[in-house]
Amino acid sequence: MKYYVYLLKCSDNSIYIGHTQDVEKRMAQHVTGRVDWTKSRLPLSLIHTESFLTRKEAVQREKQLKTGFGRQWIRRHFKLVAARQAGGVGQMCGVTHAH
């Protein structure tokens, strides 16, 4: 079974970073308001996913993306500047690209 790291752009331009085994099911939970952090930030856009063979790898990547270096990578990759990130203290926002 694969594991996925995913990034959501929220209505307030914040970026939510999470991991899951089922992106479709997890997105359904987000868009129906069943995830505390994102329920007040609807609508959401799935802007990026990465797949991994193990949960450990997915969790490591999620943690990496929540660091300063990870936020820099997200900014560069998605040309984002100045919006909040769930689970972190950095600021990012802006244009997104679906993957």
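Structural data are supplied above this passage.
Here is a short report on the structure shown in this document. All residue numbers here refer to positions counted from 1 along the written sequence of the relevant chain. Since the coordinates come from a predicted model, pLDDT governs what is reported: local features require at least 70, and pairs of side-chain atoms require 80 or more to be given and counted, while whole-chain, interface and lining totals use all residues. Hydrogens and waters are ignored; side-chain quantities use all the structure's heavy atoms.

### Observations regarding the side chain of T20
This is how the line gets drawn: The helix and strand labels rest on DSSP assignments: H or I over at least four residues marks a helix, E over at least two residues marks a strand, and numbering proceeds from the N terminus. For every residue, the accessible area obtained with a 1.4 Å probe (protein chains only) is divided by the maximum for its type, and the residue is called buried under 20%, exposed over 50%, and partly exposed between those limits. Any N or O atom pair separated by 3.5 Å or less is treated as a polar contact, with the protein-specific requirement of one donor-capable and one acceptor-capable atom, and with residues adjacent in sequence counted only for side-chain atom pairs. Here, residues are in contact when the closest pair of their heavy atoms is within 4.5 Å.
As for its placement among the helices and strands, T20 is situated in strand β2 (residues 15-20). Judged by its relative accessible area of 12%, T20 is buried. A polar contact is formed between the side chain of T20 and the backbone nitrogen of D22, at a distance of 3.2 Å. Residues within four places of T20 in sequence aside, it is in contact with Y3, Y4, Y6 and R26.

### A closer look at helix α3 (residues 55-65)
Rules: Relevant arc is that of directions from the helix axis to the C-beta atoms, nothing else.
By the burial criterion, the buried members of α3 are A58, V59, R61, E62 and L65. All buried residues of α3 fall inside an arc of 160° around its axis, so they share one side. The exposed residues of α3 that point more than 90 degrees off its buried face are K56 and K63. At its buried positions, α3 is contacted by β1 (3-9), β2, β3 (45-52) and α4 (68-78).

### Side note on the sheet that holds β1
Strands belonging to one sheet form pairs held by backbone hydrogen bonds; the direction of such a pair is parallel or antiparallel. Test applied: Think of it this way: DSSP has to see at least two bridges between two strands before they count as a pair. Orientation is described by lines fitted to C-alpha atoms, with helices fitted over the stretch in contact, and by angles between N-to-C directions that extend from 0 to 180 degrees.
Within the open sheet, the three strands sit side by side as β2-β1-β3. Their pairing is antiparallel. Of all the strands in the sheet, just β2 and β3 have a single pairing partner and so form its edges. Strand-to-strand, the axes of this sheet are offset by a mean angle of 20°, without reference to chain direction. When β1 meets β3, the two strands line up antiparallel, connected through seven bridges. Bridging from a neighbouring strand, Y3 pairs with F52 of β3. Sitting on the sheet, α4 touches β1, β2 and β3, and the angle it makes with β3 is about 120°.

### What to know about the packing of aromatic side chains
We apply this condition: Paired rings are identified among Phe, Tyr and Trp, the last through its six-membered ring, by centres lying within 6.5 Å, and are further divided according to the angle between planes into stacked (under 30 degrees), edge-to-face (over 60) and tilted (the rest).
Tallied over the full model, the rule gives two aromatic pairs. Consider the rings of Y6 and Y16, whose centres lie 6.1 Å apart with planes at 35°: the pair is tilted. Highlighted residues: Y6 in strand β1 and Y16 in strand β2, separated in sequence by ten residues. Taking the relative accessible area as the measure of exposure, Y6 reaches 2% and is therefore buried. Y16 sits in the buried class, given a relative accessible area of 12%. Both rings, one in Y16 and one in W37, keep their centres 6.0 Å apart while their planes meet at 40°; by these two values the pair is tilted.

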